[in-house]
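What the coordinates show
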Number of protein chains: 2
Amino acid sequence: MARTDLRPFFSSEHSAAAGRASVRLAEFAPFFGFEIDDPRLGEVAFPVRRIKAGESLVRAGDPFDAIYFVRCGFFKTVRVDEAGNEVVLALPMTGEAIGLDGLDPGHYTADVVALDTSLVAAVPFAQLAHLGRENASIERALFRAFSRALGREHSMICLLGTLSAEARVASFLLDLSDRFGRLGYSRTDFALRMTRQEIGSYLGLKLETVSRTFSALAASGAIGVDRKTITINDLAALQAIMQPKGEEPEMRPAPGAVRAQGAHRPSPRLAREARGRALAFA
Amino acid sequence: MARTDLRPFFSSEHSAAAGRASVRLAEFAPFFGFEIDDPRLGEVAFPVRRIKAGESLVRAGDPFDAIYFVRCGFFKTVRVDEAGNEVVLALPMTGEAIGLDGLDPGHYTADVVALDTSLVAAVPFAQLAHLGRENASIERALFRAFSRALGREHSMICLLGTLSAEARVASFLLDLSDRFGRLGYSRTDFALRMTRQEIGSYLGLKLETVSRTFSALAASGAIGVDRKTITINDLAALQAIMQPKGEEPEMRPAPGAVRAQGAHRPSPRLAREARGRALAFA
DNA sequence: CGACACATTGAACTTTATCAAGCCAGGTGG
DNA sequence: CCACCTGGCTTGATAAAGTTCAATGTGTCG
């Protein structure tokens, strides 16, 4: 793991290697919920890194210094735990931030590998924190980025903790569909960038199980599978897979009688609101 | 048998009224990695809430306003997903923060229920962020708290994605042991505050599986189980369970390796560093 | 004391992993 | 151009790990 990785044009501001070496904040901020209310702020520029499929953006153990904002492309983050197990922790794509979990330990905790040619803005954390101190919107967006990441992990834990293989795969496809959709791509037709093995690792399954589940879903007509191309034919069917029980209409306890000791009520369903790429943060 | 009682010695100083209504930052900050370099800062006080076992600190859907710092006690955070599955997401105890994931959606996403009589400091997020803007150490600690939470979730995802039931339970016990140890309690004898069902939910297992695994570990001599009391007899055995393969990774084992050192696994891995109450952030 | 919630244990059953072929598309080199 | 590799995918047969169902035990609390 001690592989000295020379990072291509990291701090090169002007050196226009193959392409541009930096982006202005104003160019990518909107995709991450940053509101730029001060025009000067928008002019702050950050180095850009271009990563080709198969290359690493960061490696586990590298000293933490920057957050990476994916401007376009697709990555996988892979952690190798102490037992030597490889786990795909996340599949970040355009509009998502990478590396937040490295702040506390002081080093990145996972390898981040591009699955497709990608562009990221490398924002030194110290600088970001500094900007945040001057601009409330930036600070807010930064906190929210952390919080959102946390929420995502929680969903993942629920998925791994409770869902069957079929439900996990359905959930995975719906998530991809949703994310592609938000970016303006088709919600029903897309190409997977990762192997069955990687999907399995991400979902806590073996690649054979993923393959079989794809086949089964295809046989049921819910989706079409051709190699790495997925077609979603019946969105509702996929969603239904995750409602295993005939959920009876739940009784809604009047919001006031909160004397509930011990037992936990069915609790008000927290609507999954659109937290998309939108900027708003009341 | 001595039920390790987390004595509420909280109000050591003044106003030992039955229910003191506030704590000064200086009193609990050190436990969370906050460095108080400005004495005036230490005087800032926050409301305290005392929660009895079985009561809820927050409920899913409640509007997000504060982060709760557990001063003493033990909680579970439970999410009920859209399918109606209950999942125990975390088991926060003394020295940990609760509610960080609620910032982005604007409401708490899980029920947080006390498993034991507990005391928490309720720190309004807005106020915390404001303090952070004036004091770099506070801000840093806040970011780190987010980052650390993220790291914890990642470990959880690895656990759920790759480990067998036995390894999950072993890992769970080691984690508890470690956490109790950090707080000054015995690392080898402690009382579980949660049911088998809750443990199972947390580990992605059924309660029967947890029970069976406890029994098996007890039969092997690694632990002792008496109802809710756990005794760890063989720490190394538990640790060994998580090294399923004779994984001889490429890290060359130093030729003249120390054998004396009580069979300490080759875990020069990113050692889980003392992230306890320590403050350092080089 | 009796009820009840929690825990343990057994046996049957399901789901997923494992092992083992075989297949297919794309790339390489003869 | 084709024959042939190769890496990834599919599919089948078994096995293993957990779940489910069910019965029984046990401490706690009213």
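Here the structure is a predicted model, which is why all the values come from computation and not from measurement.

Quick look at the environment of Leu-103 of chain A
Topologically, Leu-103 of chain A is positioned in the loop between strand S7 (97-98) and strand S8 (111-114). The sequence separation of Leu-103 of chain A and Phe-125 of chain A amounts to 22 residues, and the corresponding C-alpha distance is 8.4 Å.

Quick notes on the pattern of salt bridges
Side-chain pairing between opposite charges can occur once the charged atoms of the two side chains come close. Residues and elements named next belong to chain A. The full count for this structure, using the stated rule, is 23 salt bridges over all chains. Across the pair Arg-24 and Glu-27 runs a salt bridge, and its minimum N-O distance is 3.6 Å. On the basis of relative accessibility, which here comes to 25%, the residue Glu-27 falls in the partly exposed class. Bridged by salt links that share partners, the residues Arg-24, Glu-27 and Glu-43 form one connected network.

Some points on the protein's contact with DNA strand D
What surrounds DNA strand D is a group of 17 residues, the closest being Ser-211 and Ser-215 of chain A together with Ala-165, Thr-209 and Arg-212 of chain B. Here a phosphate oxygen of DNA strand D sits 2.8 Å away from a polar atom, N or O, in the side chain of Arg-196 of chain A. The side chain of Ser-215 of chain A places a nitrogen or oxygen atom 2.6 Å from a phosphate oxygen of DNA strand D. Every element with two or more residues in the surface near DNA strand D is listed here: helix H7 (207-219) of chain A together with helix H7 (207-219) of chain B. For the surface near DNA strand D, the class distribution of residues is two nonpolar, six polar and nine charged.

Points about the packing of helix H3 (residues 125-134) of chain B against helix H4 (residues 136-162) of chain B
Residues and elements named next belong to chain B. In contact at an axis separation of 5 Å, H3 and H4 are set at 130 degrees when each is read in the N-to-C sense. Judged on the interaxial angle alone, H4 and H3 are oblique. Of the residues in H4, those in contact with Phe-125, Leu-128, Leu-131, Gly-132 and Glu-134 of H3 are Ala-136, Ile-138, Glu-139, Leu-142 and Phe-146. Split into classes, the residues belonging to the contact of H3 with H4 amount to seven nonpolar, one polar and two charged.

A closer look at the protein's contact with DNA strand C
Every one of the 16 residues lining DNA strand C counts as a neighbour, but Ala-165, Thr-209 and Arg-212 of chain A together with Arg-196 and Ser-215 of chain B are closest to it. Between DNA strand C and Ser-211 of chain B there is a distance of 2.9 Å, counted from a phosphate oxygen to a side-chain nitrogen or oxygen. Here Arg-227 of chain B contributes a side-chain N or O atom positioned 3.4 Å from a sugar or linking oxygen of DNA strand C. Listing elements by their share of the surface near DNA strand C, those giving two or more residues are H7 of chain A together with H7 of chain B.

Observations concerning the sheet that holds S7 of chain A
All names here are of chain A. Pairing is antiparallel in the open sheet, where five strands are placed in the order S1-S2-S9-S4-S7. Here the strands that pair on one side only, and so sit at the sheet edges, are strand S1 (22-24) and S7. As paired elements, strand S4 (residues 66-72) and strand S9 (residues 118-124) share six bridges and run antiparallel to each other. Bridged to Ala-66 within S9 is Pro-124.

Some remarks on the interface of chain A and chain B
If you look at the interface, chain A gives 57 residues, while chain B gives 57 residues. Here chain A and chain B share an interface that buries about 5600 Å² over both sides, 61% of which is from carbon and sulfur atoms. In this structure, the connection of chain A to chain B is made through six salt bridges. Counting every contact that joins chain A to chain B gives 19 residue pairs in polar contact (both at pLDDT 80 or more). Contributions of two or more residues to the side of chain A that touches chain B are made by strand S5 (75-80), strand S6 (86-90), helix H3 (125-134) and helix H4 (136-162) of chain A. Take the side of chain A that touches chain B: its biggest share by element is 19 residues, from H4 of chain A. For the side of chain A that touches chain B, the per-class residue count stands at 27 nonpolar, 15 polar and 15 charged.

Concerning helix H6 (residues 196-203) of chain A
Residues and elements named next belong to chain A. In terms of residue burial, H6 counts as a mostly covered element, since seven of its eight residues are buried. Along H6, the residues classified as buried are Arg-196, Glu-198, Ile-199, Gly-200, Ser-201, Tyr-202 and Leu-203. Of the surrounding secondary structure, the elements contacted by the buried residues of H6 are S5, S6, H4, helix H5 (165-182), H7 and strand S11 (223-226). Looking one or two residues past H6, Gly-204 carries a phi angle of roughly 75 degrees, positive in sign.

Overview of the pairing of S6 of chain A
All names here are of chain A. Both S5 and S6 contribute to a ladder of four bridges, which runs antiparallel. Residue pairing for S6: Val-80 is matched across the bridge by Glu-86. As consecutive antiparallel partners, S5 and S6 are separated by five residues, and within that stretch Gly-84 has a phi angle of approximately 90 degrees, a positive value.

A short note on the confidence of the model for chain A
Residues and elements named next belong to chain A. Chain-level statistics for chain A give a pLDDT mean of 81 and a share of 79% at 70 or above. Predicted confidence in chain A is weakest over helix H2 (residues 39-42), with a mean pLDDT of 83, and strongest over H6, with 98. Every residue in residues 1-18 is under pLDDT 50, and counting partners more than four places away or in other chains gives 22 contacts. Low confidence marks residues 246-282, where pLDDT is under 50. Its contacts with residues over four positions away, or in another chain, come to 42 contacts.

Parameters at a glance
Residues numbered from 1 in each chain as written. Chains lettered and ligands numbered in written order. Predicted model: local features only at pLDDT ≥ 70, side-chain atom pairs only at ≥ 80, totals over all residues. Heavy atoms only, no water. Helix = DSSP H or I, 4+ residues; strand = E, 2+ residues; numbered from the N terminus. Salt bridge = Lys/Arg side-chain N within 4 Å of Asp/Glu carboxyl O. Buried < 20%, exposed > 50% of the residue type's maximum accessible area, 1.4 Å probe, protein only. Near = heavy atom within 4 Å. Polar contact = N/O pair within 3.5 Å; in protein donor to acceptor, adjacent residues only side chain to side chain. Nonpolar A, V, L, I, M, F, W, Y, C, P; charged D, E, K, R; others polar. Axes fitted to C-alpha atoms, helices over the stretch in contact; angles between N-to-C directions. Parallel < 35°, antiparallel > 145°, perpendicular 65-115°, else oblique. Contact = heavy atoms within 4.5 Å. Pairing = 2+ DSSP bridges. Buried area = accessible area lost by both parts, 1.4 Å probe. pLDDT = per-residue confidence, 0-100.

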